[in-house]
Each structure stands twice: as structure tokens, then as C-alpha cells.
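The lines below spell out each chain.
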Amino acid sequence: MTILRVLGSAAGGGFPQWNCNCRHCDGVRNGTLRATPRTQSSIALRDAGQDWVLVNASPDILEQLRQSPALQPARQPRDTGIAGVVLMDAQIDHVTGLLMLREHRQALPVYATAAVLQDLATAFPLTRMLSHYCGLDTHTLALDDAPFTVPPLHGVMLTAVPLESKAPPYSPNRNAPQRGDNIGLRIVDAATGRRAFYAPGLGRIEPRVLDELQRADVVLVDGTCWRDDEMQQLGFSAKTAADMGHLALSGPGGMIETLDRLPAARKILIHINNTNPILVDDSPQRGLLADHGIEVAYDGMEITL
Ligand code: MLT
Ligand code: MN
Ligand code: ZN
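In this report, the structure presented in the accompanying data block is examined. (Residues numbered from 1 in each chain as written. Chains lettered and ligands numbered in written order. Predicted model: local features only at pLDDT ≥ 70, side-chain atom pairs only at ≥ 80, totals over all residues. Heavy atoms only, no water.)

Donor atoms from the polypeptide that coordinate the manganese ion (ligand 2) comprise D93 (OD) and H271 (NE2), at 2.1 to 2.2 Å from the metal. In this pair, D93 sits in helix α3 (residues 92-95) while H271 sits in the loop between β12 (266-270) and α10 (284-291), placing the two residues 178 residues apart along the sequence. A relative accessible area of 6% means that D93 is categorised as buried. Here H271 falls in the buried class, since its relative accessible area comes to 4%. (Donors = N, O, S within 2.8 Å, 3.2 Å for Na, K, Ca; no water. Helix = DSSP H or I, 4+ residues; strand = E, 2+ residues; numbered from the N terminus. Buried < 20%, exposed > 50% of the residue type's maximum accessible area, 1.4 Å probe, protein only.)

As a further point, take the coordination of the zinc ion (ligand 3). Around the zinc ion (ligand 3), the protein contributes the donor atoms C20 (SG), C22 (SG), C25 (SG) and N274 (OD1), at 2.3 to 2.7 Å from the metal centre. Given 4 donor atoms and angles of 98 to 120° at the metal, the environment of the zinc ion (ligand 3) is assigned as tetrahedral. Written as a sequence motif, the donor arrangement for the zinc ion (ligand 3) is C-x1-C-x2-C-x248-N. Taken together, the residues C22 in the loop between β1 (3-8) and α1 (23-30) and N274 in the loop between β12 and α10 connect sequence positions 252 residues apart. (Tetrahedral: all angles 85-135°; square planar, octahedral: opposite > 155°, others 65-115°.)

The next subject is the nonpolar core. Among the nonpolar cores identified, the biggest contains 35 residues, and V221 and L269 are the most heavily contacted of them. Secondary-structure elements contributing two or more residues to this core are α1, β10 (195-199), α7 (207-214), β11 (218-222), α9 (255-260) and β13 (294-296). Dropping the residues within four chain positions of it, V221 is found in contact with A199, L202, L213, M255, L259, I268, L269 and I270. The next biggest cluster of nonpolar side chains, apart from the first, holds 30 residues, and it includes L45, V53, A196 and I303. (Core = buried A, V, L, I, M, F, W, Y, C linked by side-chain atoms within 4.5 Å. Contact = heavy atoms within 4.5 Å.)

Rendered as C-alpha cells:
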């Protein structure tokens, strides 16, 4: 058995975002909108045991752990259920939580691609900083489609799937993409063979990624923006969703069209930006998703694979 727990379902900034008074952030803050607050992007996985793999380490990790008692099994005076951390990219919303885990008793096992580890050794020198605390025990993820496990979780086979999205704005790779800047994660229950695919940043559906999506029983994918020009329309950014490495949900070639082609039993959107109308429970866009059998992840959601 594999359990996937959504720790944080919002994109960078969270929902509400601290400095935002858009209709959604203001409405959820004041309770005038039917919507639920969400923390920043992360999930956790476990097999039949008590240990978990953290996938991405959000700046909100401490709050997420308080909301998820199962990740603190309390087997000894200092303990954690986090056996290791797998990173999908080096974005601030996916790696900053490593700093909050600095009290770990041993070097914290971290699994990431060479491109991501390079950013974390240079442009955002987390590995160097944390060497003065718990230290990171880094494992470079090969991009050869070979499965790996994070001990002691041997019931969950993981595979890094390189995909097109964007390296962080601070990265030298932002405008010079490297294979491995962004990955998705194939998650396979070793006992049943049931399969999930997690990709919180997905800029383009390459044939290889479509194949991956088609073979998954559960897909948990990029739901950042409803429209490609959503941030521009609100005057919040000059960037489109595509500029940021995120495929918009609506429109021709959008994520909804892609999901419509999949046989997956569960199609779930995650990494949702606070500007996205699907965060409003009674919005027409949320209704349209329901018509397409598409779910919206929320913090605390658990999926059994
Ligand atoms: C993204 O997914 O585009 C980034 O997380 C944005 C950010 O870090 O602000
Ligand atoms: Mn993000
Ligand atoms: Zn907002």
C-alpha cells in the first residue's frame, strides 16, 4: 500500500499570499468567499510503515508537519517520520523548507538531479549553509528511467522523469535550460504495480510525458493558472504562465484537454496559484473541472494508491 498525502497544494506564495489583496486572497482572508487556505507545494508518501518520503520541502513545512501528526511518529525523544526528501526542481517554494529541517539528527538524505544540486551548491547555497547544521546527504538522480527507493521505504518505487518547465528565476539555467532542471516523479506501489505521476511544474506535454500520464492510475499535475495571461490581466506580473514554466488549464492545448485524453482513475490538480478561479468552490471554472472529472488538491488530502 502506498499513501500520498498532500501537505501543500498552493503554488509559490500560498493562498492567501501575504501581500495580495486580489479577490481570492482578500475573500479567503475575510471569509467572504467559499474557498480554503492552502500552503505551498509539497506532498509526502509512505508505504505500509511509519516513515515518509517528502517530495519537495516547502517554506511552510513546519506548519504542514503540525497539520500532519503521522509525520511525527514519536519513537524516541528526537524523531521524525521524514526518511528523505526528493526535489522536483530548485524553486524557492520547493527547497526552502530544507532550512527548517536543520535540527535533523543526521545528515538529511536529499535526492535531486545534478542540475538542481548544482543550483543548491551555488546560486542558492543551501548545501553549504546546511553543512553547518545537520548537513545534507545528497544523492544525484540519474535521468535514465531507473527506479530508486528512499530507505527504509522499499514498498514505493520512484523514478525521476525529466520534463520541460523552468529553472528558478535565480538560477543561471533560467534562460539556458538543462535537462534535469525540472522533473516529475513516477510513483509505483511495489506490491500492486499501481502507479501515480506527480508533476507540480509542467510547461509542455512532450510525447514522453503524455505516455507517462497515460500509464498512470493517479495523476497529480500542475494546476497553477487557469489562463496563460492570468497574472498579466490582474496587473500582477508581466509574465505568462508559460514564461514561468506552467501550462495553463484552459484553452486549446491546455491541461484540461490533456487530462481529457487520459484513462487515469484520479486526475488531480496541484500547485494552484492564488489567482486561479478554481480555488473558489462555487466558481464556474471549478464546476467545469467537475464536469471533466478533475479534482482540485487541498492540504491534508490523502490518496491511496
Ligand atoms: C513557480 O512555480 O513558478 C515558482 O515557484 C514561483 C515562485 O517561486 O515564486
Ligand atoms: Mn512553484
Ligand atoms: Zn491573490
